[in-house]
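Structure assessment
So you can see what is in the structure, the chains are spelled out below.
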Amino acid sequence: MNIVQKISSWQYTRYPWILLIIVSAGLVVLAHSFFQHYLYMPPCEQCVYIRFAFLCMTLGGILATINPKKNYFILPGYAFAFWGAIQGIMYSVKLARIHAAAHSDDPFGVQGCSTDPTYPFNLPLHIWAPDWFLPTGDCGFENSVIPDGVTLNSIQEYFINLYQDGWYLIPSQHFMSMADSTLLGFVVCFIVLLVLFTSKIITTVKNPK
């Protein structure tokens, strides 16, 4: 069995799709539960769009996991996963540009951030689940906004101080903003999906059933 066949056979197992679900859904839960609620970092418009993109990938993983050997499950799974990854790349690039402008000397550079989101197909996600999908923060600034009367515990104080200059993968070095990190994640997912799907096409063409 050559490398293409090995990669192709891997996609017909549930492992890669379960991994996609865990990573995509896990990042959304982490953003909402830890950063938004525990550290009081309000999500911006592009941030909630990025959540939506990750959940589209999660849905794709769920569909494929039902039975990855059947095309009527795996093909819609690929469609949602690819669409989520592409949308996520676009949202992350836009947020990265806003972040760069917001932290520059260009007073006219910050555009594309609103508290009135518009989701694909006009889905009213911000109405159905406002705590998850209603933007309440400013794009490019991932700082904690602590409500009046809140007493922080020692762990909260530590992380809030750690991210006092905004969210970075390595806060002390200001290395990789949130937008850069999500962009990297979406690109990696897209590449993996592309490799899997390409191997599927090659093996299907060589071994039609």
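Residues numbered from 1 in each chain as written. Predicted model: local features only at pLDDT ≥ 70, side-chain atom pairs only at ≥ 80, totals over all residues. Heavy atoms only, no water.

Here we come to the UniProt feature "transmembrane region" (unreviewed entry) in the protein chain. Taken from the UniProt record, the annotation "transmembrane region" (unreviewed entry) applies to residues 15-35, 47-66, 72-93 and 183-202. Structurally, residues 47-66 is divided into 100% helix and 0% strand, and its ends, taken at the C-alpha atoms, are 29 Å apart. Secondary structure within residues 72-93 divides into 100% helix and 0% strand; the distance between the first and last C-alpha atoms comes to 32 Å. (UniProt positions renumbered as here; feature names shortened; annotations may be inferred. Helix = DSSP H or I, 4+ residues; strand = E, 2+ residues; numbered from the N terminus.)

The next subject is the environment of Thr136. Residue position: Thr136 is located in the loop between helix H6 (130-133) and helix H7 (154-162). We classify Thr136 as exposed; its relative accessible area is 53%. Separated by 93 residues in sequence, Thr136 and Pro43 place their C-alpha atoms 5.7 Å apart. Once residues lying within four places of it in the same chain are set aside, the contact partners of Thr136 are Pro42 and Pro43. (Buried < 20%, exposed > 50% of the residue type's maximum accessible area, 1.4 Å probe, protein only. Contact = heavy atoms within 4.5 Å.)

Turning next to helix H2 (residues 15-38). At Leu30, H2 shows its largest bend, some 25°. Listed as buried for H2 are Pro16, Trp17, Leu20, Ser24, Val28, His32, Phe35 and Gln36. Just past H2, the residue Tyr40 takes up positive phi, approximately 60°. (Bend = angle between axes of the 7 residues up to and from the residue.)

Counting 40 residues, the largest nonpolar core has Trp17, Met57, Tyr78, Leu95 and Tyr119 as its most contacted members. Elements represented by at least two residues in this core include exactly H2, helix H3 (45-66), helix H4 (71-102) and helix H8 (178-206). With ten residues, the single largest contributor to this core is H3. If we skip the residues at most four places from it in the chain, Met57 touches Leu20, Ser24, Phe80, Ala81, Gly84, Ala85, Phe186 and Cys189. (Core = buried A, V, L, I, M, F, W, Y, C linked by side-chain atoms within 4.5 Å.)

A separate point is the packing of aromatic side chains. Under the definition given, this model contains 21 aromatic pairs. A centroid spacing of 5.1 Å and a plane angle of 55° characterise the contact between Tyr72 and Phe73, whose relative ring orientation is tilted. (Phe/Tyr/Trp six-rings, centres within 6.5 Å; stacked < 30°, edge-to-face > 60°.)

Taking 1.5 Å per residue, 29 residues should reach 42 Å; H8 reaches 42 Å between its end C-alpha atoms and fits that length. Residues of H8 that are buried include every one of Met178, Ala179, Ser181, Thr182, Phe186, Cys189, Leu193, Leu196, Ser199, Lys200 and Thr203, and no others. Summarising the contacts, the buried residues of H8 are in contact with helix H1 (3-11), H2, H3, H4, strand E1 (168-170) and strand E2 (175-177). (Expected span 1.5 Å × (residues − 1).)

This next bit is on the packing of H1 against H8. Any two packed helices are characterised by how steeply their axes cross, that is the angle between the axes, and by the distance between the axes. As a packed pair, H1 and H8 sit with axes 8 Å apart at the nearest point and diverge in direction by 110°. Regarding the angle of H1 to H8, the classification is roughly perpendicular. Here H1 contributes Val4, Gln5, Ile7, Ser8, Trp10 and Gln11 to the contact with H8, which in turn contributes Val195, Leu196, Ser199, Lys200, Ile202 and Thr203. (Axes fitted to C-alpha atoms, helices over the stretch in contact; angles between N-to-C directions. Parallel < 35°, antiparallel > 145°, perpendicular 65-115°, else oblique.)

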